[in-house]
Structure formats: C-alpha cells, structure tokens
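Notes for the structure review
If you want the building blocks of each chain, they are given just below.
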Amino acid sequence: MMNIEEPPAIEARDLTVVRGPRTVLRALDFTVPKGQITGLLGPSGCGKSTLMRAVVGTQAKVTGTLNVLDHPAGAPSLRSRIGYVTQDPSVYDDLTVRQNLDYFAAILDPGRGPAAHRRHDHVTRAIDDVDLTTHADALAGNLSGGQRSRVSLAVALLGAPELLVLDEPTVGLDPVLRRDLWNLFHSIAADRGTTILVSSHVMDEAERCHRLLLMREGELLADDTPEALRTRTATETVEAAFLHLVDEAVAASRSDATSTSSTSTNSTTPTRSPR
Ligand SMILES: Nc1ncnc2c1ncn2[C@@H]1O[C@H](COP(=O)(O)OP(=O)(O)OP(=O)(O)O)[C@@H](O)[C@H]1O
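We now turn to the structure provided with this report. (Residues numbered from 1 in each chain as written. Predicted model: local features only at pLDDT ≥ 70, side-chain atom pairs only at ≥ 80, totals over all residues. Heavy atoms only, no water.)

1. Description of the site of the ligand
How we decide: Throughout this document, a residue counts as near a molecule or strand when at least one of its heavy atoms sits within 4 Å of that molecule or strand. A 3.5 Å cut-off defines polar contacts: any pair of N or O atoms within that distance qualifies, except that in protein one atom must be a possible hydrogen donor and the other a possible acceptor, and neighbouring residues in sequence count only when both atoms are side-chain atoms. Working definition of accessibility: Shrake-Rupley area with a 1.4 Å probe, residue cover restricted to the visible protein chains. Under the scheme used here, helices are H or I runs from DSSP no shorter than 4 residues and strands are E runs no shorter than 2 residues, and both carry numbers assigned from the N terminus. Residues are grouped as follows: Ala, Val, Leu, Ile, Met, Phe, Trp, Tyr, Cys and Pro are nonpolar; Asp, Glu, Lys and Arg are charged; every other residue, Gly included, is polar.
Lining the immediate surroundings of the ligand are 13 residues, of which Arg-22, Ser-44, Gly-45, Ser-49 and Thr-50 lie closest. Arg-19 is positioned such that a nitrogen or oxygen atom in its side chain is 3.3 Å from a nitrogen atom of the ligand. One of the backbone nitrogen or oxygen atoms of Lys-48 is found 2.9 Å away from an oxygen atom of the ligand. For the ligand, whose accessible area on its own is 640 Å², the fraction buried by protein is 66%. Mapped by element, the contributors of at least two residues to the shell around the ligand are strand 2 (22-32) and helix 1 (48-56). At three residues, the largest contribution of residues to the shell around the ligand is made by helix 1. Taken together, the residues that form the shell around the ligand break down as three nonpolar, six polar and four charged.

2. Quick look at the packing of aromatic side chains
How we decide: Classification of ring pairs rests on two measures: the distance between centres of Phe, Tyr or Trp rings, Trp counted by its six-membered ring, which must be within 6.5 Å, and the angle between planes, read as stacked under 30 degrees, edge-to-face over 60 and tilted in between. Think of it in three bands: with a 1.4 Å probe and only protein chains considered, a residue is buried below 20% of the maximum accessible area for its type, exposed above 50%, and partly exposed in between.
All told, the structure shown has four aromatic pairs when counted by the stated rule. Summarising the aromatic geometry, the rings of Tyr-92 and Tyr-103 are spaced 5.4 Å apart at their centres and angled 85° between planes, so their arrangement reads as edge-to-face. Within this pair, whereas Tyr-92 is found in the loop between strand 6 (82-85) and helix 2 (97-108), its partner Tyr-103 is found in helix 2, the two being separated by 11 residues in sequence. Overall, the relative accessible area of 39% leaves Tyr-92 in the partly exposed class. Tyr-103 gets classed as partly exposed once you look at its relative accessible area, which sits at 39%. The interplanar angle of 20° and the centroid separation of 6.2 Å between the aromatic rings of Tyr-92 and Phe-104 together place this pair among those described as stacked. Placement of Tyr-92 in the loop between strand 6 and helix 2 and of Phe-104 in helix 2 is noted, with a sequence separation of 12 residues between them. Taking relative accessible area as the criterion, Phe-104 reaches 18% and is therefore assigned buried. Put simply, the rings of Tyr-92, Tyr-103 and Phe-104 pair up and form one aromatic cluster.

Shown next as structure tokens:
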C-alpha cells in the first residue's frame, strides 16, 4: 500500500524546456507517485521524449523546478538509481545477449569474486525478466527489433533501479509481446516497488497505467487516474477522454484569442465562455 505522506518520485513545477527556437515544454506542473506506473501519453512530437530526457538529466535548457527521488534532476547521485531506455536500442550487435548484459553489469558493479557472482545472478535474472533466456547466446545483431528493445530493457533493470524511465518501449511489438511487457511492468512495480514512467502514443496502453500524464503540444492536458479521467469527461475510454480534453483546450484557446482581440478593440463585453 502506498504511503500518502511519502514524497513523490518526481515533482515538476513550472518545468519549461527550450529546444532550438521552440519552447517544447511549457510550464508543466505534475507529480509522479512512487511505486506506481505513470503513463506519459500524447501524439508524436508533443514533447514526451523531451520530458523524459529532462527527468533523467540529459536535456539542456531546462528551467523551473524538477526534483527526482528527492534530488534535482541530473544530480550525479541519481545515475545508479534510474534506469532509462531510449527509443533506439543501445546494444552491441557483435555481442550476444548475455555478453551485452555482462558488459553493462561490469560497469555498474565492477570487481572479482563476490561481485562476479552478483553480476552473474543479476544478468541471469534480467534476461529472464524480459523473457530472452532461450536467446541468451544469440548475437544481438541477429535479434528482431522487439527482442533488441527487450535487451535494452534488461540492461536498464540490471542495477535494480528505483525509477524506470521507458520511452515508447512497445513500439513495433506484436500484441502478445506488448501484453507480456505490460505484465512485466506491473510485476516490477508491485514486487520491487519500482516507480515506472512510460511513454506511449497508443491510447489503449493508457488503460494499463495507474496514473496518466496526457500531453499535447508541450502542455499537460491532465494528470489523473484513467478512471477519474473517464468519469470527469463522461467517456468510456481514455482515448475518448483525451479527445474530449483536446476539444476543451482548443475551445478555451479560441475563446482566449477572441477575448484578447476584443480587449484590444476596447470591448467591454467579456467573451470568455464559462468552462
Ligand atoms: N534538437 C531540436 N531542436 C528543435 N526542436 C526539436 C529538437 N528536437 C526535438 N524538437 C522538437 O521538440 C518537440 C518535442 O519532441 P519530442 O521528441 O520530445 O516529442 P515526442 O512526443 O517524444 O515525439 P515522438 O513520440 O515522435 O518521439 C517536437 O515538436 C520536435 O520537433
């Protein structure tokens, strides 16, 4: 059971990110509770990867407040506490699955003797977690795209991170593998208390999350549970709730624009409709 008093895993206040000439995240306020799966959902280009990069500390030009596991995002002490899987699998094609994991395990936990035993156990467990035991001795270069992304996930699981940040881990996977991966995320959160922040642009995956951050064009449309979102918008699915919220946001910005233009023409009639 989650302790209500426990500080959140991630806390963002007025989080803003500029990339090149564009402001790609605009003054976001949100929290991500510990030990749960929070889905970051929104259309391609809305800023999901940028937000994740900010959380793991690899994004430049971040302003506002962003605390991760009680430290400012990017603090060196966070490195070993966060597992991050990007959209491009970072594996060595000329090594086997096990050799890839041995390599990363040696960086995390170097040394001989007891460390070597620990590494062996951690590597075996991570390979099993992602269901690649029968492919442990296959060259990564000979694996399918989905299998390669599972090797990346296994690497992220190696250090038993407190926070797992997964950027669209199910892209390109068949429905069975997608289901299996979501089951794995749930067992990791439930059994190990790991906090998971996972992005997707597939709305049916939203239903599998404990909480959702719904994004559009660098802004947050909602920060709530799937159930509360459906109830609040009187819809049956998170996808319908998302579309409802987009329509609401578009209507609000139109009414803002009308109100601004009427202000500039010295109109005294308020044009913003009640929401
Ligand atoms: N180096 C850059 N310079 C300027 N703008 C950038 C740069 N990289 C990304 N962007 C813009 O920032 C916005 C957010 O990109 P981001 O990759 O975070 O979106 P996303 O929601 O993760 O999309 P996808 O699901 O397609 O990966 C996009 O509109 C993109 O065009």
